[in-house]
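Here is what each chain is made of, one letter per residue.
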Amino acid sequence: MDLDPLDPVYVAERLSQPPFVSIAGVHNVRDLGSYRSATSPGHMTKPRLIFRSAEVSSITDEGIAQLKALGVDKVYDMRSDTEIERYGTPCPELEGIEIVRVPVFKVEDYSPEMMAKRFELYASGQTEAFMELYSQILDHAGPAFGAIMRHIRDHSDEGMLFHCTAGKDRTGVLAAVILKLAGVDDESIAEDYALTRVGREPARQAVMSRLAQLPLFATNTVAARNMFSSRAEVMLAFLGVLQTKYGGVVDYLKQYLNLTDEEIDIIRNNLLTPIS
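Procedures and definitions
Residues numbered from 1 in each chain as written. Predicted model: local features only at pLDDT ≥ 70, side-chain atom pairs only at ≥ 80, totals over all residues. Heavy atoms only, no water. Helix = DSSP H or I, 4+ residues; strand = E, 2+ residues; numbered from the N terminus. Rg over C-alpha atoms; globule rule 2.2 N^0.38 Å. Buried < 20%, exposed > 50% of the residue type's maximum accessible area, 1.4 Å probe, protein only. Contact = heavy atoms within 4.5 Å. Areas by Shrake-Rupley, 256 points an atom, 1.4 Å probe, with all protein chains shown as cover. Core = buried A, V, L, I, M, F, W, Y, C linked by side-chain atoms within 4.5 Å. Pairing = 2+ DSSP bridges. Arc of directions from axis to C-beta. Salt bridge = Lys/Arg side-chain N within 4 Å of Asp/Glu carboxyl O.

An unreviewed UniProt entry lists the protein under the name Tyrosine specific protein phosphatases domain-containing protein, with Ceriporiopsis subvermispora given as the organism.

Chemist: Before we go on, may I ask you to explain the overall build of the protein in this structure?
Modeler: Of the regular secondary structure elements, the protein holds 15 helices and seven strands. Its C-alpha radius of gyration of 18 Å places the protein within 12% of the 19 Å reference for a compact globule of 276 residues. In terms of its C-alpha atoms, the protein occupies a principal-axis envelope of roughly 50 × 45 × 35 Å. Looking at the 276 residues of the protein, the share that counts as buried comes to 55%. If you take every contact in the protein between residues at least 6 apart in sequence, the share linking residues at least 24 apart comes to 75%. Roughly 12,000 Å² of accessible area belongs to the protein as shown, and the carbon and sulfur atoms make up 53% of that amount.

Chemist: Help me understand unusual backbone geometry, please; the structure alone is not making it clear to me.
Modeler: Comment: phi is negative for the bulk of residues other than glycine, and the bulk of peptide bonds are trans. Put simply, proline 18 and proline 19 share a cis peptide bond, and its omega is 5°. Structurally, proline 19 can be placed in the loop between helix H1 (8-15) and strand S1 (30-31). Although it is not a glycine, asparagine 28 adopts a positive phi angle of roughly 60°. Tracing the chain through its elements places asparagine 28 in the loop between H1 and S1. In this structure asparagine 28 comes out as buried when scored by relative accessible area, which is 3%.

Chemist: Sorry, what's going on with the nonpolar core here?
Modeler: Looking at soluble globular proteins, one finds that nonpolar side chains tend to be buried together. With 66 residues, the main nonpolar core has Tyr134, Phe145, Met149, Phe162 and Leu253 as its most contacted residues. The greatest single-element share of this core, amounting to eight residues, is contributed by helix H7 (residues 170-181). Ranked by size, the runner-up nonpolar core spans 15 residues in total, among them Ile23, Val26, Val29 and Phe51.

Chemist: Explanation requested: the pairing of strand S6 (residues 159-163) in the structure shown.
Modeler: Working note: regular strand, side chains alternate between the two faces of the sheet. The buried fraction of S6 amounts to five of the five residues, a majority that puts the element mostly inside the structure. Side chains Gly159, Leu161 and His163 of S6 all project onto a buried face; the interleaved residues Met160 and Phe162 project onto the opposite face, where all are buried too. Here strand S4 (residues 72-77) runs beside S6; their pairing, made up of five bridges, is parallel. Bridge pairing in S6 places tyrosine 76 opposite phenylalanine 162.

Chemist: Honestly, helix H2 (residues 61-69) in this entry has me stumped. Any pointers?
Modeler: Three- or four-residue spacings in an α-helix give side chains the same orientation, since the helix completes a turn every 3.6 residues. Among all positions of H2, only Gly63, Ile64 and Leu67 are buried. Around the axis of H2, the buried residues are gathered within 100° of arc, so they sit on the same side. Turned more than 90 degrees off the buried face of H2, the exposed positions are Asp61, Glu62 and Ala69. Lining the buried residues of H2 we find S4 and S6. One or two positions beyond H2, positive phi appears at glycine 71, with a value near 90°.

Chemist: Honestly, the pattern of salt bridges in this entry has me stumped. Any pointers?
Modeler: Proximity of charged atoms lets side chains of opposite charge pair with each other. Scanning the entire structure with this criterion turns up 17 salt bridges. Close ionic contact of arginine 30 with aspartate 192 constitutes a salt bridge, the shortest N to O distance being 3.4 Å. Here aspartate 192 lies in helix H8 (residues 186-194) and arginine 30 lies in strand S1, a separation of 162 residues in the sequence. Of the two residues, arginine 30 and aspartate 192, both sit in the buried class. Arginine 52 is paired through a salt bridge with aspartate 192; the nearest N and O atoms lie 2.7 Å apart. A residue pair is termed long-range when its members are at least 10 positions apart, and arginine 52 in strand S3 (residues 50-53) and aspartate 192 in helix H8 qualify at 140 residues.

If you want it as structure tokens, here you go:
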């Protein structure tokens, strides 16, 4: 089935190619640059400006040096206090790099009832379930996404990285919003989302061990394996929801992040660079 372990030779080869970036101790790191804009012909997203990843809690000294070499001087952590405590994955000390906590979900969003519902949605693996989850992210993420968007507005030449725990859902939704604003076509955004399937593969055993500590996943291996799902069609469906339910990316940024048209234009311009 499509959630069986991937061929390690294929994984190693794919991880060595763009948009993947090697950061020692961190999984699923990708550069959101070099995607062509369909709405700004002759332009693409700026390389080495915005990176996405899974949690950076286990980054090594070599990884910190690699981040600095990429020009990253700020890391935005979208995980909740609850996650950090549950998994014992505190923010590391990154000399010369600032970590900014911007949790999408607050502690009260992790009540047993809400967590049971969220895990039930994950466990189903159904596209409709992910649409509900991703709508929850959009509804709650105004302050977190707003801080990151304002960074792009104000720091057009300073590299930054954002992440959640796996670098798939909250990170994937924000990456889609950013790429959509830059005018990247839906198929390319969906392909970027699907790459998380490869990016997370080296962490498979660690993730399965972590999930085994939770009752739902300890007794339901199919549900646990569905946590690895990152199908392109899910992202295509989400982009449809972003348009129909939220009025498109610009309306979402205005209504939920309180950005003005002028600010949105600045952010869009800062995301793009001419194709040489």
